[in-house]
Amino acid sequence: MLQTKIKILANKKIAPEYYKMALESPEIVRTSTPGQFLHIRVSNNSEPLLRRPFGIHSIKDTGEFEILYRVVGKGTALLSKKKAEEELDVLGPLGNGFKFPVAGNETMVLIGGGAGIAPLFFLAQKAHHLRQIIVLIGGKTKDQVLCEEEFKKLGIEVRIATEDGSYGHKGLVTDLLNALLHTSLSIFACGPLPMQKRISIFSSEHNLSCQVSLESRMACGIGACLGCAIKVKGESTTYKRVCIEGPVFEAKEIMWE
Amino acid sequence: MNPDLTVDIAGLKMKNPVMVASGTFGYGEEYAQLVDLNSLGAIVVKGITLAPRLGNPPPRIVETPCGMLNAIGLENVGVEKFIKEKLPYLRQFDIIVIANIAGKTVEEYVELARKLNGLVDGLEINISCPNVVKGGLEFGQDPALTYEVVSKVRQATRLPLIAKLSPNVTDIKVIAKSAVEAGIDAISLINTILGMVIDVTTRKPILANVTGGLSGPAIKPIALRMVHEVARVVRVPIIGQGGIMNATDALEFIIAGATAVAVGTANFVDPQTSLKIIKGIEDYLIKNNIHRLSELTGSLQI
């Protein structure tokens, strides 16, 4: 983990509300594993006050990496206005990433929705030489289906589901999972909470290994403030910190509300 | 010549006036990779209770304009585990360690003080946590209870004693005077201010605890006013805190009458804040040809 100023190389809109930002830091590229996140200060003053967490989306051997984000509030709106050559104060890499490769000859199924696809591409970059990967992308509409081409360029099969049927299968990503049940699978998911919950329940019903990357309201990002607690299963109620015990958890650990 | 930044809080000789506030710096370990702990004036560790506490259900925090609300609910490992597992780590450093203690009853505060006697450098009596059902704030809102807690803890330990007071009172001076009469050595001002945020789509509060404590730059003017008020009526040192983000903020507190300052929420924003403030205070003293920080303390011109 380090705190450093990093130069922005590019910041581009890739879909309505969605942006990709390229940054340069050989150190972060060298020390990060898929699923880890960066805690980025988006403002030099006190508004907005707190850093924003972003999963690492992709890396290059040249020391460049990308984040992929959706403009959802003040912080990400400010971020979307940043230009190449500007610098960002970045803390990271933080947290625990995905555990891979998985045991045996299981196919890795990567399931993402919206900006949740972000850390899964980095996972695919690192894992596609090791295991067969299938990527399932889900969204409410076609606009939320991101990175299809990037995965295909890695030679990875991509299947798509949209709730309104505007692209791919009409329905939920879990429908696509059903069609894969004849092979032995290990699931890696990131996306909106309802989707993650659905995938987790599906996985436990079918006894599949499943890792989820969670988001939470977060302040420090390094385990000190205890703000990002989530409920985990146990004999009695216990909490874990998304920032340091996560953000990737075994789905079966989580007490879904 | 470098100006003299040392301060004395109840016999604690700090190398500079910049502390890190309870609840914002964990047990030190979390920040050790990013901040040279030896450079800090003191660390006040996360509030400790007798038994471990789970804390409140999430969501526990929410950002607000120039600030944040928290309702952590004093999640902590409990005093035994603190002594066994957290304190030894901190003890490797050349840093003054102050334990923030929180009880549900006067007896619990006393018990905590006894257990920590001789193991830490000082105690900060937390009678101002707004996010727990019992104890905390109820002591800090009542001058008689403040007196009782402080005097009983005073009898139980010879450690330097700091009372962390709540801004959620009508007249902070009354509470501060009670703490001084009961034998307190120093006063931390201020803890967070009670607040809430509502999600209009669900009509529910964002925090599961409904209310939380507001911190960050939004509360600085209030904290500063309270330090100013209390500095005029008590003679014990004041540790000013509440929204300090930079050296100028810290200097304002010192000029208002604070002997030392504590950096809280700013640690989340930029872990280097306390170190930058130490440097900034030093630069200010050099620029203004002030040889000792103490010359600046309480130098407010009205």
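Criteria and thresholds
Residues numbered from 1 in each chain as written. Chains lettered and ligands numbered in written order. Predicted model: local features only at pLDDT ≥ 70, side-chain atom pairs only at ≥ 80, totals over all residues. Heavy atoms only, no water. Helix = DSSP H or I, 4+ residues; strand = E, 2+ residues; numbered from the N terminus. Rg over C-alpha atoms; globule rule 2.2 N^0.38 Å. Contact = heavy atoms within 4.5 Å. Areas by Shrake-Rupley, 256 points an atom, 1.4 Å probe, with all protein chains shown as cover. Lys, Arg positive; Asp, Glu negative; His and termini not counted. Charge placed at Lys NZ, Arg CZ, Asp CG, Glu CD. Domains from an automatic or database assignment. Buried area = accessible area lost by both parts, 1.4 Å probe. Salt bridge = Lys/Arg side-chain N within 4 Å of Asp/Glu carboxyl O. Buried < 20%, exposed > 50% of the residue type's maximum accessible area, 1.4 Å probe, protein only. Polar contact = N/O pair within 3.5 Å; in protein donor to acceptor, adjacent residues only side chain to side chain. Nonpolar A, V, L, I, M, F, W, Y, C, P; charged D, E, K, R; others polar. Axes fitted to C-alpha atoms, helices over the stretch in contact; angles between N-to-C directions. Parallel < 35°, antiparallel > 145°, perpendicular 65-115°, else oblique. Left-handed = near helix turned anticlockwise from the far one by under 90°. Phe/Tyr/Trp six-rings, centres within 6.5 Å; stacked < 30°, edge-to-face > 60°. Lys NZ or Arg CZ within 6 Å of the ring centre and 35° of its normal.

(A) Main features of the overall build of chain B. Of regular secondary structure, chain B possesses nine helices and 16 strands. What you see for chain B is a C-alpha radius of gyration of 18 Å, in line with the 19 Å of a compact globule of 302 residues. Reported as C-alpha extents along the three principal axes, the dimensions of chain B are approximately 55 × 50 × 40 Å. In chain B, 71% of the contacts between residues at least 6 apart in sequence involve partners at least 24 apart. Of the accessible surface of chain B, which amounts to about 11800 Å², a share of 52% is contributed by carbon and sulfur atoms. The distance from the centre of the 29 positive side-chain charges to the centre of the 29 negative ones in chain B is 2 Å.

(B) Up close: the environment of Met1 of chain A. With respect to the helices and strands, Met1 of chain A occurs in the segment before strand S1 (2-15). A C-alpha to C-alpha distance of 9.4 Å links Met1 of chain A and Ile222 of chain A, two positions 221 residues apart in sequence. Discounting chain neighbours no more than four positions away, the residues touching Met1 of chain A are Gly92, Pro93, Leu94 and Ile222 of chain A together with Glu30, Gln33 and Leu34 of chain B.

(C) Representation of the domain arrangement of chain A in the model. All names here are of chain A. Each domain of chain A was delimited in the assignment, giving domain 1 (2-94) and domain 2 (107-213). A straight line from the C-alpha centre of domain 1 to that of domain 2 covers 23 Å. Domain 1 puts 15 residues into the contact, and the matching count from domain 2 is 15 residues. Interface area, domain 1 with domain 2, both sides summed: about 1300 Å², of which 69% is carbon and sulfur. Counting the surface domain 1 buries against domain 2, the share from its top three residues, Tyr18, Pro34 and His57, is 39%. Counting across the domain 1 and domain 2 interface gives one salt bridge. Residues Glu150 and Lys20 are paired through a salt bridge, measuring 2.6 Å at the closest nitrogen-oxygen approach.

(D) Main features of helix H2 (residues 106-116) of chain B. All names here are of chain B. Along H2, the residues that are buried comprise Val106, Glu108, Tyr109, Val110, Leu112, Ala113 and Leu116. Considering only its buried residues, H2 is in contact with strand S4 (42-48), helix H1 (79-90), strand S7 (97-101), strand S8 (122-126), helix H3 (137-140) and helix H4 (143-156). Directly beyond the C-terminal end of H2, a positive phi value near 80° is found at Gly118.

(E) Here's a closer look at the interface of chain A and chain B. With 27 residues of chain A at the contact, the number on the chain B side is 36 residues. Summed over both partners, the interface of chain A with chain B buries about 2600 Å², with 63% contributed by carbon and sulfur atoms. Summed over the three residues of chain A that lose the most area to chain B, namely Leu49, Arg217 and Tyr239 of chain A, the buried surface amounts to 25% of that side. At the junction of chain A and chain B, the tally comes to one salt bridge. Of the charged contacts, one joins Glu63 of chain B and Arg52 of chain A as a salt bridge, the two residues approaching to 2.7 Å between their closest N and O atoms. The interface formed by chain A and chain B contains eight residue pairs in polar contact (both at pLDDT 80 or more). Only S1, strand S13 (229-232) and strand S14 (238-241) of chain A provide two or more residues apiece to the side of chain A that touches chain B. Across the side of chain A that touches chain B, the residue classes break down as 16 nonpolar, six polar and five charged.

(F) Expanded view of the packing of helix H5 (residues 172-181) of chain B against helix H6 (residues 220-231) of chain B. Residues and elements named next belong to chain B. H6 packs onto H5 with a crossing angle of 50° between their chain directions and a minimal axis gap of 9 Å. Classified by the interaxial angle, the pair formed by H5 and H6 is oblique. The handedness of the crossing between H5 and H6 comes out as right-handed. Packed against H5, whose contacting residues are Ile172, Lys173 and Ala176, the element H6 presents Met226, Glu229 and Val230 at the interface. Each residue belonging to the contact of H5 with H6 can be placed in one class, and the counts come to four nonpolar, no polar and two charged.

(G) Examining the side chain of Thr146 of chain B more closely. Residue and element names in this part refer to chain B. Of note, Thr146 is situated in helix H4. Side-chain polar atoms of Thr146 contact the backbone oxygen of Phe139, separated by 2.8 Å. Thr146 has contacts with Ile127, Phe139, Gly140, Ile175, Ser178 and Ala179, leaving out every residue within four places of it along the chain.

(H) Representation of the pattern of salt bridges. Residues and elements named next belong to chain B. Enumeration according to the criterion identifies 28 salt bridges over all chains in this entry. A salt bridge links Asp8 to Lys13, with the shortest nitrogen-to-oxygen separation between them at 2.6 Å. Among the salt bridges present, the one from Arg60 reaches Glu75, with a minimum N-O distance of 2.6 Å. Of this pair, Arg60 sits in the loop between S4 and strand S5 (61-64) while Glu75 sits in the loop between strand S6 (67-70) and H1, placing them 15 residues apart in sequence. The pair Arg60 / Glu75 is uniform in exposure class, with both members buried. One salt-bridge network, held together by shared partners, links Glu80, Glu111 and Lys115.

(I) Fine view of the packing of aromatic side chains. Considering all chains together, one arrives at eight aromatic pairs over all chains under this definition. Here the aromatic rings of Tyr109 of chain B and Phe139 of chain B are separated by 5.4 Å at their centres, their planes lie at 90°, and the arrangement is edge-to-face. Placement of Tyr109 of chain B in helix H2 and of Phe139 of chain B in helix H3 is noted, with a sequence separation of 30 residues between them. Looking at Tyr109 of chain B, the relative accessible area reads 0%, which means it is buried. For Phe139 of chain B, a relative accessible area of 5% puts it in the buried group. Among the aromatic residues, those joined into a cluster by ring pairs are Tyr19, Phe54 and Tyr69 of chain A. Above the plane of the ring of Tyr167 of chain A lies Lys142 of chain A, whose end atom (NZ or CZ) is 5.1 Å from the centre. Sitting over the face of the ring of Tyr239 of chain A, Arg60 of chain B holds its NZ or CZ atom 4.7 Å from the ring centroid.

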